[in-house]
Amino acid sequence: MAACVSRVELSVSCRSLLDRDLGSRSDPLCVLLQDAGGGQWAELDRTEKIKNCQDPEFCKKLVVDYYFEKVQKLKFSVYDIDNKSFDLNDDDYLGGVECTLGQVVSSAVFTRPLELKQGKPAGKGTITISAEEIKDTRVVYLEIEAQNLDKKDFLGKSDPFLEFYKQSDAGTWQLVYRSEVVIKNNLNPCWRKFSVPLQTFCGGDFNKPIKVQCADHDSDGSHDLIGTLETTLAQMQTAGAGSLVEYECIHPEKKQEKKNYKNSGIIRIKSCKIETEYSFLDYVMGGCQINFTVGIDFTASNGDPKSPDSLHYISPDGINEYLIAIWSVGSVVQDYDTDKLFPAFGFGAQVPPSWQVSHEFALNFNPSNPYCQGIQGIVDAYRQILPQIRLYGPTNFSSIINHVARFAAHSLQQGTAAQYFILLIITDGEITDLDQTRQAIVNASKLPMSIIIVGVGEADFKAMEFLDGDNGVLKSVTGEAAARDIVQFVPFRQFKNAPQEALSQMVLAEVPKQLVSYYKWQGWPPLKLPEIKAM
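Below or above, wherever it landed, is the structure these notes cover. Residue numbers restart at each chain and count upward from 1, following the sequence in its written direction. Given that the model is predicted, a residue must reach a pLDDT of at least 70 before its local features are reported, and side-chain atom pairs must reach 80 or more before they are shown or counted; all residues, however, enter totals for whole chains, interfaces and linings. Hydrogens and water molecules were not included; the side-chain quantities draw on all heavy atoms of the structure.

### Structural notes on the sheet that holds strand β14 (residues 224-231)
By the convention used here, strands pair only if DSSP detects at least 2 bridges between them. Only DSSP runs of H or I reaching four residues or more are called helices, and only runs of E reaching two or more are called strands; each is numbered from the N terminus. One open sheet holds the four strands; their spatial order is β11-β10-β13-β14, and the pairing between them is antiparallel. Each edge of the open sheet carries a strand with a single partner, namely β11 (173-178) and β14. Direction aside, neighbouring strands of the sheet carry axes that sit 25° apart on average. In this structure, strand β10 (residues 160-167) lies alongside strand β13 (residues 210-216), joined through seven bridges in antiparallel fashion. Its bridge partner being in β13, K166 is matched across the sheet by I210. Orientation is described by axes fitted as lines to C-alpha atoms, over the contacting stretch for helices, and by angles from 0 to 180 degrees between their N-to-C directions.

### Focus: the packing of aromatic side chains
Only centres within 6.5 Å qualify two rings of Phe, Tyr or Trp (six-membered ring in Trp) as a pair; their planes then separate them into stacked at under 30 degrees, edge-to-face at over 60, and tilted for everything else. On inspection of all chains with the given rule, the structure shows 21 aromatic pairs. Between Y322 and Y382 the ring centres are 6.4 Å apart and the planes differ by 25°, which places this aromatic pair in the stacked class. Of this pair, Y322 sits in helix α6 (residues 321-333) while Y382 is found in helix α7 (residues 374-385), placing the two residues 60 residues apart along the sequence. There is no split in this pair, since Y322 and Y382 are both buried. Ring-over charges, as used throughout, are those where CZ of Arg or NZ of Lys falls within 6 Å of the ring centre and within 35 degrees of the ring normal. Looking at K70, its charged tip hangs above the ring of Y67, at a distance of 4.4 Å from the centre. A cation over an aromatic ring shows up here: K211 above the ring of Y165, its NZ or CZ 5.6 Å from the ring centre. Buried, partly exposed and exposed residues are distinguished by accessible area as a fraction of the type maximum, computed with a 1.4 Å probe on protein chains only: under 20%, between the cut-offs, and over 50%, respectively.

### So, the nonpolar core
Judged by nonpolar contacts, the single largest core of 87 residues is most densely connected at L10, F76, I127, F292, F298 and I378. By residue number, the principal contributor to this core is α6, which donates seven residues. Boundaries between domains were set according to an automatic or database domain assignment. Residues lining this core come from more than one domain, with at least three contributed by each of domain 1 (6-134) and domain 3 (281-522). Those residues in contact with L10 that lie beyond four places of it in its chain are L32, K61, L62, V64, F76, L101, V104, I129, S130 and A131. Formed by 31 residues, the second largest nonpolar core is a distinct cluster that contains L142, L233, V245 and I267. Take the buried Ala, Val, Leu, Ile, Met, Phe, Trp, Tyr and Cys residues and link them wherever side-chain atoms come within 4.5 Å; each set so joined is a nonpolar core. Here, two residues are considered to be in contact whenever any of their heavy atoms come within 4.5 Å of each other.

Structural data, given as structure tokens:
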């Protein structure tokens, strides 16, 4: 199941709606539907009804779960409500619009004329939709130390760790954080700086009671309580700039039993900062453009494109695995690129007129302008070039990775979160220039780019899995480690009998995290900062 990136709140307004009521104006309501497949639409949400209004601005927001890796087809339908029934079949249809959620979130304001049917204008009336993420994007960063903690271990001191709890509305305590690193044999520990989302930590309420528990870790799980304290985020926030906030760590039973009991140690808040943690949507809505480039393997191991057993053979229904991969990934990414111009390259073929082997040739044979208009443009260029080149070899990736990296490096000089690059490589087999490719990926990991590799056919893809970096950090031949994991490899054969969207969901699921981790690493906020909005 794809992980929901976040929830999105859609604000809807209309202008100049059709007037269906005799003697008064329409009473509009907007319904949000999602494509359920097979021509069926499922209702997700609806606004309130506004009486007698042809220019409604609906107060009720429409809420939808957002997934980057899915094409989420939506329909906004506006009705004139003439009765109290929930069923809309007996109400007048004023028009609607079909679009994708990607189109809405990547537009500051999304305005379209209403249609009575797809392609048939209503004659008058427009709908405007704007999106906002429902999320408090702030994060609490804490640095904590302790002094003179009670000794709990018979043969040693204590192995202290911390747990933080927030108080629920019902008065119960809910665990929100446990320190990962147990500090061994130390009664004066200083824990590593850690962070907790503000929403998780205290629900955004700075005065909500927080309980901190310090315990001695035992490997069998029977941890011994050292002591507890209660505070609020507002109190902890006064720490910093040389002024520590100190709390006595109290063991309740010891306090009851011992008359001269003072405390079981002192817990100090060295620093408590609240910072904004931006999300993928913050960057996209803030104006970050996602640039999509395709690289296609034209090596001889694919087989003669005229032969039905070739991976480049285009079947009578006009498809092959290369085309399916281009369509399924491109159809998602294209919504995030305003100009819809996509560079497309081939590698591993002999190219006219010199018939030299090239590892980076434009599909449209125009090296100075390798851009194709939309995903359909890539498909058309691919179909046209197949009969004009000779499939050859070897399978080299580094040239095409370095090509996109040059553009990403150029955008890096802007010093803003304005451009992010996705390179889709579709290949049938084992890579020949593995060492150069490793170096190219390690270099690219410092740039605003991600690489998706789709393996077609039945070859052994062990080297691709190695490049993916899921089993440890990828290193170059010289031992330089990648700054972050930017490669996602997926073998097409796993998706042969799955719905087309399953492939795009799998290959694109990592991209939002990769984009956010890159800009966080650089310390760059979105171009246009979001307003803080609590749930």
